[in-house]
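# Topology and contacts: notes
Next come the chains, spelled out residue by residue.
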Amino acid sequence: MRDPSPDPPRIPEAARLSDSELVRLFVRGRESGDRQDWDRAVDAWHVLVARDYERIRGLVVAFRFPGHSEVRIDRDEIDSATHEALERCLRSLLTSFLGRSVGELRAAMRTATHYACQDHCRAQMRREQGIGGSIDDLRTSDEGQDVGRFDRELGDLAERRHLARTEGTEDLDEVAAAIEALPNENMRQVLRLRAEGYSSKEIAGRLELSPTNVDQLHSRGLRRLNDDRGSDA
Amino acid sequence: MTTVAPMPELDRLLGEFADAWNAGERPRVQDFIDRAPAERRDELADLIEAFLAVAPTPRYSEETMAELMREPAVLASVESARGRSGLLPSLLPRLRERARLRRDEVVARLTATLRVPGAEPKMARYLHQLESGTLEAGGVSRRVLEALASILGARVEEIERAADAPGLGGGTGPAPAFMRSVEAFDAAAEPPVMASAPAARAPAADEDWDEVDRLFRGGRGDPSAW
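Throughout what follows, the structure given in this document is the object of discussion. Throughout this document, residue positions are counted from 1 along each chain, in the order its sequence is written. Whichever chain is written first becomes A and whichever ligand is written first becomes 1, with later ones labelled in order. For this predicted model, a pLDDT threshold of at least 70 governs which residues receive local features, and a threshold of 80 or more governs which side-chain atom pairs are given and counted, while totals over whole chains, interfaces and linings are taken from all residues. To obtain the side-chain values, all non-hydrogen atoms of the structure were included, while hydrogens and water were left out.

## Topic: the interface of chain A and chain B
What counts, and what does not: Contact criterion: two residues are considered in contact whenever any of their non-hydrogen atoms come within 4.5 Å of each other. By buried area we mean the combined loss of accessible area, with a 1.4 Å probe, across both parts when two parts are placed together. Whenever Lys or Arg places a side-chain nitrogen within 4 Å of a carboxyl oxygen from Asp or Glu, that contact is recorded as a salt bridge. Throughout this description, a polar contact denotes any pair of N or O atoms lying within 3.5 Å of each other; where both atoms belong to protein, one of them has to be capable of donating a hydrogen while the other can accept it, and for residues adjacent in sequence the pair is counted only when both atoms sit in side chains. A helix here means a DSSP run of H or I that spans at least four residues, while a strand means a run of E at least two residues long, and both kinds are numbered starting from the N terminus.
Of the residues lining the interface, 69 residues belong to chain A; the matching set on chain B comes to 74 residues. With both sides pooled, the region where chain A packs onto chain B buries about 6700 Å², and carbon together with sulfur makes up 58% of that total. Linking chain A to chain B there are 11 salt bridges. Close ionic contact of A:Glu54 with B:Arg28 constitutes a salt bridge, the shortest N to O distance being 3.7 Å. Counting the contacts that link chain A with chain B gives 22 residue pairs in polar contact (both at pLDDT 80 or more). Looking at the side of chain A that touches chain B, the elements with two or more residues in it are helix H2 (19-32), helix H3 (35-62), helix H4 (78-95), helix H5 (102-131), helix H7 (172-180), helix H8 (185-195) and helix H10 (211-232) of chain A.

Next comes the structure, spelled out in structure tokens:
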């Protein structure tokens, strides 16, 4: 276990800033080399990563290996994989991130998390192979079914396909454009309002729909967005 | 994404998750996936992933925000950004947890592997500094990195890559206060230390280095550390 932090985090200033302002502080601190800018950048990073911690953890839990949905992060490995994803996010933001907007930052985090999960699964399998057995051995899934460990070659192919997909959607502006391209006005409205933080009931009230209808339009809209991403690859 | 018929139960679960997310309640993704019928769990996972990609930052209360800022993985990431040890403050504790080893157990094994009997206290201090981001990672010898890799069940390249990762300040930022008390020098007044400049790590004339110092501060290619 890590040692507890001896001091309360210095949050009052940075925590009042918007995500956009924090991203600007982070980028400026990384690029200027000035000590005060650097201090502010670290504070900005602390708030940003705290605000996005649950998002990254959630992406880790929801991760399914491309083309092999039975390969996922084991439940007792979630904390470790989340830790790895945050490491990867930071490394990416310090070395290769060229964006300046919240959308670009979030897309970079999502991509970094996805790759970290893939690496975690590979490392896990290497360890299992080291323990013994074949990669094609059957194991029991959470649902109690016997499933095969994935074939390396197929996994690589699926990964390349997924890479092509995620690299094509590096900016959330593209997601916004995809929402606008949806054919159903209510679906567009639901996705926009969800992205602004409204609840099902609030959206239902605004659009004069039932909450059930809102939930249905929301999930159908997300399916459409995902299907469009897949067909663009 | 599958193309099977939509299911009201999944719509409802996703809606419930999104409401809890936006309200800043930190909903657990796994709990929601577990509530879906077994044959539809991957579909719900896909939907939640798609939602998280575009979801707004939740309306966290101050209390929740303070909790999030103290999450071990968040603190480790901040220490990595702030410190001089690359990504080692994030990587080493995680590897230690995975190997189910306490820090004192790693110290004991490190002391034995590096054949420096009796050096446990100093070794413990250096390991603590590496995990806290206060030791300049470029000074750590490859022999130490190899020993750590072996003890923690990792590849040495992984540890080396983490050690070489730049921090936000590139090593020029102020060291945390506790380092000044341990090391008895004012890091804030110290000139920048470049990882590739062995001379910058050379001991001061009045500083008495031993083998442990050379192992942790002598540099990656320092032959005297072998």
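## Some points on helix H8 (residues 120-132) of chain B
All names here are of chain B. What counts, and what does not: How far a helix is expected to stretch is found by multiplying one less than its residue total by 1.5 Å. Accessibility here uses a 1.4 Å probe with only protein chains present; expressed as a share of the type maximum, an area under 20% marks a residue as buried, one over 50% as exposed, and anything in between as partly exposed.
An ideal rise of 1.5 Å per residue puts 18 Å on 13 residues; H8 measures up with 18 Å between its terminal C-alpha atoms. For H8, the full list of buried residues reads Met123, Tyr126, Leu127, Gln129, Leu130, Glu131 and Ser132. Immediately downstream of H8, the backbone of Gly133 shows phi near 80°, a positive value.

## Points about the packing of aromatic side chains
Selection rule: When two rings of Phe, Tyr or Trp (its six-membered ring) have centres within 6.5 Å they constitute a pair, described as stacked for plane angles under 30 degrees, edge-to-face for angles over 60, and tilted for the intermediate range. Whether a charge sits over a ring comes down to the Lys NZ or Arg CZ being within 6 Å of the ring centre and within 35 degrees of the ring normal.
Tallying each qualifying case throughout the model produces 6 aromatic pairs over all chains. On the basis of an interplanar angle of 35° and a centroid distance of 5.5 Å, the ring pair of A:Phe26 and A:Trp45 is categorised as tilted. Residue A:Phe26 is located in helix H2, and its partner A:Trp45 is located in helix H3; the two are separated by 19 residues in the primary sequence. One aromatic cluster in this structure is built from B:Phe17, B:Trp21, B:Phe32 and B:Phe51. Above the face of the B:Phe32 ring, B:Arg35 is positioned so that its terminal group lies 5.2 Å from the ring centre. When the ring centre of B:Tyr126 is taken as reference, the NZ or CZ atom of B:Arg125 above it lies at 5.6 Å.

Interpretation note: all reported values are geometric properties and have no functional meaning in isolation.
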